[in-house]
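Notes for the structure review
Read off the chains here:
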Amino acid sequence: MTDNASASGQTPEPGSVDSVSAQSGRHRTDNTMKRRRVLIGGATIAAAGGLMAAGLASADTTTSETDSDASTTVTSDASSGVCTLTSEVTEGPYWLAGALVREDIREDREGVEVQYTFTVVDQANDCAPLENALVEIWHADALGEYSGYVGKNGHTETDDSTFLRGGQTTDSNGQVSITSIWPGHYVSRAVHVHMRVHTDVTLTDDSYTGGSIVHTGQLFFDADINSEIQATSPYSDNTTTETQLDDDTIYDDGGASSGLLTLTALGDSVSDGYAATLTVGVSSS
């Protein structure tokens, strides 16, 4: 994919797709990652019996995605029990090893609460729920800063925390819940969340070791709701130019199949927060 800044001949901004090569190799792009195919379908799952239906309901569509090194169209039939598969995307430049295993990842960050519920299903097992998978997420705070990289979006503060990073392991229904805040934006990217799904990890006191990564992706938010939230405090203190979802270099307008979250308001005001759900299908084989 081509970053807007580089396409116009401008110098890429910090944190952009084209600028990460200067960031000590932290950004591993698709052409250096082992290619895996994943299903990302939007649904709220209440019981194990609904998991299969949700995984297969999204399998009767044709999904096309183009990225930096491949253009593929994969079609599958719901009656065959095969999930629709789409290309995963880059992890981005701000991942840190050794994610904390915890349900609430906010620490001291202020912002609109988001209660995430992810349901992981296994394409290698007829889209059955995948138990004991570690779902890890990380994202920027309201000012567009990542823990471990504070200053990349123009703010200065002591950066010795692990805010807005962490994950949980899925239960027997393939579900995991994580509490965080709505992310802020940073230069050249629309508001988003990064995700990884790991299998066969060994849990420690507060983290994990080992395992295999079976999905690397990004999650996105409704543009209209996001605009309302970015206009409220503390998001309004972020003075960097915001990239809109339609102009993002990663999101391909594929809806849930491209990581667009299903959002449900927790109250009458945007400040009351949102529940965010997504079914994530991976192949464990």
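Please refer to the structure placed before this passage.
This report concerns the structure included in the present document. Model, not experiment: these values are computed from the prediction.

Side note on the pattern of salt bridges
The final tally for this structure, using the stated rule, is 7 salt bridges. A salt bridge links Glu 107 to Arg 102; the shortest N-O distance between them is 2.9 Å. Relative accessible area serves as the criterion here: at 39%, Glu 107 is assigned to the partly exposed category. Here the salt bridges share partners, and the residues they tie into one network are Asp 104, Arg 106 and Glu 113.

Here we look at empty space enclosed by the protein
Where empty space is left in the structure can be found by rolling a water-sized probe over the atoms. Across all of its chains, the model carries 5 cavities of 30 Å³ or more by this definition. Lining of the second largest cavity is provided by Ala 190, Val 191, Phe 221, Asp 222, Ala 223, Asn 226, Glu 242, Thr 243, Gln 244 and Leu 245.

Overview of the packing of aromatic side chains
In the structure shown here, the tally under the stated rule is 8 aromatic pairs. Centre to centre, the rings of Tyr 116 and Phe 118 are 5.6 Å apart; their planes meet at 15 degrees, and the pair counts as stacked. The two residues Tyr 116 and Phe 118 agree in class, both being buried. Following the ring pairs from residue to residue traces out a cluster consisting of Tyr 94, Tyr 146, Tyr 149 and Tyr 186. Taking the ring centre of Phe 163 as reference, the NZ or CZ of Arg 109 above it sits at 3.9 Å. The ring of Trp 95 carries Arg 196 above its face, with NZ or CZ at 4.4 Å from the centroid.

Things to note about the sheet that holds strand 8 (residues 165-169)
Strands sit in the order 8-7-10-13 across an open sheet of 4 strands; the sheet is antiparallel. Edge positions in the open sheet fall to strand 8 and strand 13 (212-220), since each of these has one partner strand only. Averaged over all neighbouring strand pairs, the angle between strand axes comes to 20 degrees, with direction disregarded. Pairing analysis gives 5 bridges linking strand 7 (residues 134-138) to strand 10 (residues 192-199), with the strands arranged antiparallel. Along strand 10, the bridge assignment pairs Trp 138 with His 194.

Brief notes about helix 3 (residues 223-230)
Those residues of helix 3 that sit buried are Ile 225, Asn 226, Ile 229 and Gln 230. End-on, the buried residues of helix 3 take up no more than an arc of 130 degrees, which puts them together on one face. Residue Asp 222 occupies the N-cap position of helix 3, its side-chain oxygen lying 3.1 Å from the main-chain nitrogen of Asp 224.

Comments concerning unusual backbone geometry
The linkage connecting Ser 233 with the following residue, Pro 234, adopts the cis geometry, with an omega of 5 degrees. For Pro 234, the position within the fold is in the loop between helix 3 and strand 14 (262-265). Although it is not a glycine, Leu 164 sits at a positive phi angle of roughly 60 degrees. Locating Leu 164 in the fold gives a position in the loop between strand 7 and strand 8. A positive phi is found at Asp 200, a non-glycine position, where the angle reads about 60 degrees. Mapped onto the elements, Asp 200 comes out in the loop between strand 10 and strand 11 (202-203).

Side note on the nonpolar core
In this structure, Tyr 116, Phe 118, Trp 182, Val 197 and Leu 261 are the most contacted members of the largest nonpolar core, which totals 36 residues. A per-element tally of this core places strand 15 (residues 274-282) first, with 5 residues. When sequence neighbours within four positions are dropped, the list of residues in contact with Leu 261 reads Tyr 116, Phe 118, Leu 219, Phe 220, Phe 221, Ala 276, Thr 277 and Leu 278.

Details of the side chain of Gln 218
Mapped onto the elements of the fold, Gln 218 is located in strand 13. Classification of Gln 218 by relative accessible area gives buried; the value is 2%. A distance of 3.1 Å separates a polar side-chain atom of Gln 218 from the backbone oxygen of Thr 90. Within the structure, Gln 218 has its side chain in polar contact with the side chain of Arg 189 (distance 2.8 Å). If sequence neighbours within four positions are ignored, Gln 218 has contacts with Val 89, Thr 90, Arg 189, His 192, Val 193, His 194, Ile 250, Ser 258 and Gly 259.

Things to note about the environment of Val 120
Structurally, Val 120 is set in strand 5 (residues 113-122). Between the C-alpha atoms of Val 120 and Val 280, which are 160 residues apart in sequence, the distance is 4.8 Å. Look past the residues within four positions of Val 120 in its chain and what remains in contact with it is Ala 128, Pro 129, Leu 130, Val 135, Thr 170, Gly 174, Val 197, Val 280 and Val 282.

Quick notes on the rules
Residue positions are counted from 1 within each chain, in the order its sequence is given. At least 70 in pLDDT is required for a residue's local features to be given in this predicted model, at least 80 for side-chain atom pairs to be given and counted, and no such filter applies to totals for whole chains, interfaces and linings, which use all residues. Only hydrogens and water are set aside; all other atoms, that is, all heavy atoms of the structure, feed into the side-chain values. By definition, a salt bridge exists where a carboxyl oxygen of Asp or Glu is found within 4 Å of a side-chain nitrogen of Lys or Arg. Think of it in three bands: with a 1.4 Å probe and only protein chains considered, a residue is buried below 20% of the maximum accessible area for its type, exposed above 50%, and partly exposed in between. Cavity means a closed set of points on a 1 Å grid over the protein atoms alone, one where a 1.4 Å probe fits but cannot get out, pocket means an open set with protein on both sides within 12 Å along at least 5 of 7 lines, and lining means a residue has an atom within 4 Å of a point. Grid points are joined across faces, edges and corners, and a volume is the space filled by probe spheres set on the points. Between the rings of Phe, Tyr and Trp (Trp by its six-membered ring), a pair exists once the centres lie within 6.5 Å; its type follows the angle of the planes, with under 30 degrees stacked, over 60 edge-to-face, and the other angles tilted. Here, a charge over a ring means that NZ of Lys or CZ of Arg falls within 6 Å of the ring centre while also lying within 35 degrees of the ring normal. In this analysis, strands are considered paired if DSSP registers two or more bridges between them. By the criteria applied, helices consist of DSSP H or I runs no shorter than four residues and strands consist of E runs no shorter than two, each listed in order from the N terminus. Structural elements are reduced to axes, namely lines fitted to C-alpha atoms, with helices fitted over the stretch in contact, and the angle between N-to-C directions of any two is expressed from 0 to 180 degrees. Of all possible arcs, the one meant is that of the directions from the helix axis to the C-beta atoms. Under the rule applied, a polar contact is a pair of N or O atoms within 3.5 Å (in protein, one hydrogen donor and one hydrogen acceptor; residues adjacent in sequence only if both atoms are side-chain atoms). As used here, the term nonpolar core means buried Ala, Val, Leu, Ile, Met, Phe, Trp, Tyr and Cys residues forming a set that is joined through side-chain atoms within 4.5 Å. Any two residues having at least one pair of non-hydrogen atoms within 4.5 Å are treated as being in contact.

Shape is all these values report; function is a separate question.
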